[in-house]
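If you want the building blocks of each chain, they are given just below.
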Amino acid sequence: MKKKLIGIILLVILGIIVLNIFYSSSKTTDEIKMGAILPLTGIASLDGQNEKQGIDLAVEEINQAGGINGRPIKIIYEDDQTDSKRTVLSLSKLAEIDKVTIVIGGTWDILANAIIPEATKKKIVVLSPSALSDTLEQESPYFFSVHSPVAVNQEIFEQYLKDNNAKTAAILNVNNPWGIAHKNAFKKAAANTGVDILEERTIMGFDNNDIATDMTLIKAKNPDMIFVTLNFNDMALFGKKRVELDIKSKILAHFNFVNTIKRGMLSRELGEGVTIFQYSEPSESFIKKFKEKYGKVPEAYSDVAYDTIYILKEVIEKEGVEPDNVIKGIREVQLQGASGEIYFGDNNFPENKRPILQIITKE
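Now for a look at the structure at hand. Remember, it's a predicted structure, so these values are computed and weren't measured experimentally.

1. Remarks on the sheet that holds strand 7 (residues 196-203)
1) Next: Ordered in space as 7-6-8-9-10-13, the six strands form an open sheet in which the pairing is mixed. If you trace the sheet from one side to the other, it starts and ends with strand 7 and strand 13 (355-359), each paired once. Adjacent strand axes in the sheet meet at a mean angle of 20° when their direction is disregarded.
2) Next: Two strands pair when backbone bridges link them, and strand 6 (residues 168-174) and strand 8 (residues 225-229) are joined in this way by five bridges, in the parallel orientation. Of the residues in strand 8, the one forming a bridge with A169 is M225.
3) Next: Running at roughly 175° to strand 7, helix 7 (residues 212-221) makes contact with strand 6, strand 7 and strand 8 of the sheet.

2. Topic: the environment of K353
1) Next: Here K353 is to be found in the loop between strand 12 (340-343) and strand 13.
2) Next: Counting along the chain gives 186 residues from K353 to K167, while the straight-line C-alpha distance between them is 29 Å.
3) Next: Once you skip the residues sitting within four places of it in the chain, K353 turns out to touch H147, S148, V152, Y279, S280, E281, P282, D303, V304 and S339.
4) Next: At a separation of 2.6 Å, a polar atom in the side chain of K353 contacts the main-chain carbonyl oxygen of S280.

3. So, the pairing of strand 7
1) Next: Sheet topology places strand 6 next to strand 7; seven bridges connect them, and they run parallel. Each bridged residue has a counterpart across the sheet, and for N173 the counterpart in strand 7 is T202.
2) Next: In this view, the connection linking strand 6 to its parallel neighbour strand 7 by way of helix 6 (residues 177-192) has right-handed handedness.

4. Concerning the packing of aromatic side chains
1) Next: Per the counting criterion, the structure on display carries eleven aromatic pairs.
2) Next: Centre to centre, the rings of F144 and F344 are 5.7 Å apart; their planes meet at 90°, and the pair counts as edge-to-face. Of this pair, F144 sits in strand 5 (residues 143-145) while F344 is found in the loop between strand 12 and strand 13, placing the two residues 200 residues apart along the sequence.
3) Next: Note on F344: relative accessible area 2%, which makes it buried.
4) Next: One aromatic cluster is present, formed by F286, F290, Y294, Y306 and Y310 through successive ring pairs.

Parameters and conventions
- Residues numbered from 1 in each chain as written.
- Predicted model: local features only at pLDDT ≥ 70, side-chain atom pairs only at ≥ 80, totals over all residues.
- Heavy atoms only, no water.
- Pairing = 2+ DSSP bridges.
- Helix = DSSP H or I, 4+ residues; strand = E, 2+ residues; numbered from the N terminus.
- Axes fitted to C-alpha atoms, helices over the stretch in contact; angles between N-to-C directions.
- Contact = heavy atoms within 4.5 Å.
- Polar contact = N/O pair within 3.5 Å; in protein donor to acceptor, adjacent residues only side chain to side chain.
- Right-handed = clockwise from strand over helix to strand, strands pointing away.
- Phe/Tyr/Trp six-rings, centres within 6.5 Å; stacked < 30°, edge-to-face > 60°.
- Buried < 20%, exposed > 50% of the residue type's maximum accessible area, 1.4 Å probe, protein only.

See the structure below:
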């Protein structure tokens, strides 16, 4: 009798062990896996890290609240090192080895433009929190920008030109899709407000260029204002040369200009009086949550990356992870997010971020 009882007890214990192993295994395989290809190193690493922090905050919140239909989210991160070739290789790895159908990534236009053909071929849905739709060289039903396009800035450019009674202008921009998209938006604003473009100077290198000659030529035309869209080191150089050359024209610059001040590349005194255009701040509730987790205020793209996860939560809850269903779900999303109201409709982008102007002061 004792032997029989012991046998029963051992069978019960064995059954519990087997159930625990099965439960643990099923719990792991029941995760909703998504890929994220971000430049965690390289020249775009600050933006990539900002995106990762937004993603991690959203995933933590959703998983603590029970996940998506009871399933936790798992993000498989790949660092493309701001190298477009690595972006493409990372997508292949995520699709073929990790078997994901959804990827977050394509930071900056150089990385987004590289990933689109591969995403289309492999039918992987890619959502980028930072690549702007009008900097993309091709369209794909599988690629979505979750950030407003450059074109929304046209309204604020027109406002600036009217408020400053500008009659003439000059343009200094970098020669890439991002720089050209901004130039085009400004030229439309100038045409709508009757402003003559006296000089256009396009900088051929990505960054670290000698722009002194270009600035000298612009100064000689004496425009009422100068529109500037450059990358970080060139923007810092512009701020210094503006003072050295004693340029009196009003300056309207991309928010890269103020970022050079934040990063210690340019003194605030040298930036005094420059007007920058930037996108609207995140919601107050997001700023509070972000500060509680990371001990700092969020920077560019953190809020959009956060919203990207909540978009996918809403879509997957209703449609699952099959690519065609995800695409259908994204087009139906209506979300009041940290970055504003998000609605795609027939577009592959929303207009959640709105442009604002800010004048740099000494303090």
